[in-house]
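Results of the structural survey
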Amino acid sequence: MHRTLPKKADVVIIGAGMSGLAAATRLDQANIDFFLIEAQDRVGGRIETEYTDEGYIVEHGAQALNTDMQKLFSALTQSGLRPVPLPNIGRYLSDGADGETAIAAFRKMETLFEKPNRDDAELALLYNDPEKSAADRLSLLSLEPEMRSLITSQVEELWGLPMHDLQFSHAVDIFERYDSDREDWEFHVQEGLSALTTSLAEKLGDRLVLEKPVQSVEVGSDSAVIETVSGSIKAKAVIVAAPPTIAKKFMSPSHWSQPALQAYQAGDMIKKTLCYDRAFWRDVGNSGMSSSISLSGFATADTSLKKHGQPRLAVFIGGPNARHLAGLTREQRWEQIQQPLVRLFGSSAADPVAQFERIWVDDPWVGGGYNAHVAAGKMRAPDAVLRKMQDRVTFACAEIATRFPGYIEGAMDEGQKAAGRTAQMLGRGDLVGLNQPDSGSTRRKSFWSLFDRMR
């Protein structure tokens, strides 16, 4: 990896998350001159694996995948890494409601974000109005308070935003573009996902430079100038592979992309990994998966790396409570998180042998977690704007993915497509595989198969 910038390159890629790495890999395969700039001292973006001296492998960010995520599975196989099943057999629990009610809430949420039928004029108006939020959609339903609270909690955990901030039409589109009938929580990587990003980065050699935050991108008639904290680099084309909430900070205020970038609001998320000496939740037939009413946005899952080793629970807190807890001390946060944990799993949950924490709220390099989403009152479908190549600039990130939006698979897909758009602009679009069309699949996310196994 380089520590200095070249003066110029045909293509500059900004951001070495999975979109940037996928774009770089595709350009490398096509022998197109490029340079990849990363602000942090590591690659991966929202993939962040910690390897401890005690032997723990802890995923602080992205973790799960399913077998329909073929680009990711292929990359793992080529890197010699091993996807292993996530444990998810047993009962689903809810703090404040029984498990069956929680499952019913998930099913209701799934229908909540279905694309409106033409014959349903009220929902069609809601969908076509960018001012309307997920909360507006929920208000149309006659539900018991318990069910309403569960749905609110689940939405806050999935999107990292309060329901009144989440644009309804955007939420519908996200569900529509989940390109699988399988639930997402099937596998994780035995060696940790950072082993993949490191492997991809190593193949780029001196065309990758770290710790070079971009300050501005100025586009002229025949080139673009990317100004970093350590100097500038001139390029014929730019792939911005940073989340919209970060990209808007360095793109020119007058740039065509700004209205679309400004439409996004970063999600708020905290992820804790709790390691135990035994998987006590399994002893009584529980899966380790849960949600909460008392701490809205709270969810847990069994993320043990081996069936009989390193038992662990991951705790996720999304939305307003993530932002609130992020402002407390570590001890104060743990005190509040313990309460629903103990109610769900008993006193053993309060005594982990090790715990790890990652606060993604207002992260300076990725904005937040899991993703950014379109806010109510902002532009409709800004992703379509950002997927274009205009004045030598195009964008690539999980947020704008046409397949598996918000997932690693989607990030990889958009990185490859951005490379295709760039190659075409450079007059190299005839290269095989660089400009792949969308799959056109209309398969939608379903929680049913997951919950059928849990009952």
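Notes on the structure in this doc start here. Please read all numbers here as calculations on a predicted model, not as lab measurements.

**Overview of helix α15 (residues 408-425)**
Taking 1.5 Å as the rise per residue, α15 with 18 residues should run 26 Å; its terminal C-alpha atoms sit 26 Å apart, in good agreement. Counting buried positions along α15 yields 16 of 18 residues, so the element is predominantly enclosed. Just beyond α15, the residue with positive phi is G427, at close to 80°.

**Here's the deal with helix α6 (residues 145-159)**
Taking 1.5 Å per residue, 15 residues should reach 21 Å; α6 reaches 21 Å between its end C-alpha atoms and fits that length. The set of residues buried in α6 consists of M147, L150, I151, S153, Q154, V155, E156, E157 and W159. A positive backbone phi angle near 75° is found at G160, which sits one or two residues after α6.

**Section: the nonpolar core**
Counting residues in each nonpolar core, the largest one holds 45 residues, and the members touching the most others are I13 and M18. Of all the secondary-structure elements, those providing two or more residues to this core are β1 (8-14), α1 (18-29), β2 (34-37), α2 (70-78), β7 (187-189), α8 (194-202), β11 (231-240) and α15. Residues in contact with M18, not counting those within four places in the same chain, are G44, I47, L196, T197, L200, I408, A411 and M412. Within the second largest apolar cluster, 38 residues are counted, among which are A134, L138, F168 and V172.

**A short note on the sheet that holds strand β13 (residues 269-275)**
With respect to topology, 6 strands assemble into an open sheet ordered β6-β14-β15-β16-β13-β17, the strand pairing being mixed. Of all strands in the sheet, those with a lone pairing partner are β6 (91-95) and β17 (354-359), marking the two edges. Going across the sheet, the axis of each strand differs from the next one's by a mean of 20°, ignoring polarity. Here 4 bridges tie β6 to strand β14 (residues 286-292), and the two strands are oriented parallel to one another. Bridge assignment links D95 to a residue of β14, and that residue is S292. Strands in contact with helix α3 (residues 99-112) are β6 and β14; relative to β6, the strand with the most contacts, it is inclined by about 90°.

**Comments concerning the pattern of salt bridges**
Oppositely charged side chains can form a pair if their charged atoms are brought close together. With the rule as written, the count across this model stands at 23 salt bridges. For R82, the salt bridge is made with E191, and the minimal N-O distance between the two is 2.7 Å. Highlighted residues: R82 in the loop between α2 and β5 (83-85) and E191 in the loop between β7 and α8, separated in sequence by 109 residues. Linked by salt bridges that have partners in common, K71, D179, R403, E409, D413 and K417 make up one network.

**What about the packing of α1 against α15?**
At a minimum axis distance of 7 Å, the contact between α1 and α15 shows a crossing angle of 40°. Classified by the angle their axes make, α1 and α15 are oblique. For the crossing formed where α1 meets α15, the hand is right-handed. On the side of α1, the interface is formed by M18, S19, A22, A23, R26 and L27, while α15 contributes I408, A411, M412, G415, Q416 and A419.

**So, the packing of aromatic side chains**
Enumeration over the complete set of coordinates arrives at 15 aromatic pairs. Residues F113 and F168 carry aromatic rings whose centres are separated by 6.4 Å and whose planes lie at 35° to one another, so their mutual orientation is tilted. Taken together, the positions of F113 in the loop between α3 and α4 (121-127) and F168 in helix α7 (residues 168-176) put the pair 55 residues apart, joining distant regions of the chain. For F113, a relative accessible area of 0% corresponds to the buried category. Taking 5.9 Å as the distance between ring centres and 70° as the angle between the ring planes, the aromatic pair formed by Y276 and W281 counts as edge-to-face. An aromatic cluster of three or more residues is present, and its members are F113, W159, F168 and F175. Positioned above the aromatic ring of W360, the side-chain terminus of R358 is 3.8 Å from the ring centre. Against the face of Y127 rests R380, its NZ or CZ located 4.6 Å from the ring centre.

**Remarks on unusual backbone geometry**
With the exception of glycine, most residues fall at negative phi, and the peptide bonds are largely trans. The linkage connecting G369 with the following residue, Y370, adopts the cis geometry, with an omega of -10°. Topologically, Y370 is positioned in the loop between β17 and β18 (372-374). Positioned with a positive phi, D362 is a non-glycine residue whose angle comes to about 55°. When you line up the elements, D362 lands in the loop between β17 and β18. For D362, a relative accessible area of 49% puts it in the partly exposed group. Not every positive phi belongs to a glycine, and A381 is a case in point at roughly 50°. As for its placement among the helices and strands, A381 is situated in the loop between β18 and α14 (382-386).

Conventions and cut-offs
- Counting restarts for each chain: residues are numbered from 1 in the order of the written sequence.
- Owing to the predicted nature of the model, reporting of local features is limited to residues with pLDDT of at least 70; listing and counting of side-chain atom pairs is limited to 80 or more, with chain, interface and lining totals taken over all residues.
- Only hydrogens and water are set aside; all other atoms, that is, all heavy atoms of the structure, feed into the side-chain values.
- In this description a helix means any DSSP run of H or I spanning at least four residues, a strand means any run of E spanning at least two, and both kinds are numbered starting from the N terminus.
- Expected helix span is taken as 1.5 Å per residue step, with the number of steps being one fewer than the number of residues.
- Only protein chains enter the area calculation, which uses a 1.4 Å probe; residues under 20% of their type maximum are buried, those over 50% are exposed, and those in between are partly exposed.
- Throughout, nonpolar core names a set of buried Ala, Val, Leu, Ile, Met, Phe, Trp, Tyr and Cys residues whose side chains join them through atoms within 4.5 Å.
- Residue contacts are defined here by distance: any two heavy atoms, one from each residue, within 4.5 Å place the two residues in contact.
- Paired strands, as defined in this entry, are two strands with at least two bridges between them according to DSSP.
- Axis lines are fitted through C-alpha atoms, for helices just across the contact stretch, and the angle between N-to-C directions can take any value from 0 to 180 degrees.
- Salt bridges are defined by distance alone: a side-chain nitrogen of Lys or Arg within 4 Å of a carboxyl oxygen of Asp or Glu.
- An angle below 35 degrees is treated as roughly parallel, one above 145 as roughly antiparallel, one from 65 to 115 as roughly perpendicular, and anything else as oblique.
- In this scheme, a crossing is called left-handed if the near helix is turned counterclockwise away from the far one by less than a right angle; it is called right-handed if the turn is clockwise.
- Classification of ring pairs uses Phe, Tyr and Trp, with its six-membered ring standing for Trp, and accepts pairs whose centres are within 6.5 Å; under 30 degrees between planes counts as stacked, over 60 as edge-to-face, and the remaining range as tilted.
- Geometrically, a lysine NZ or arginine CZ counts as sitting over a ring once it is within 6 Å of the ring centre and also within 35 degrees of the ring normal.

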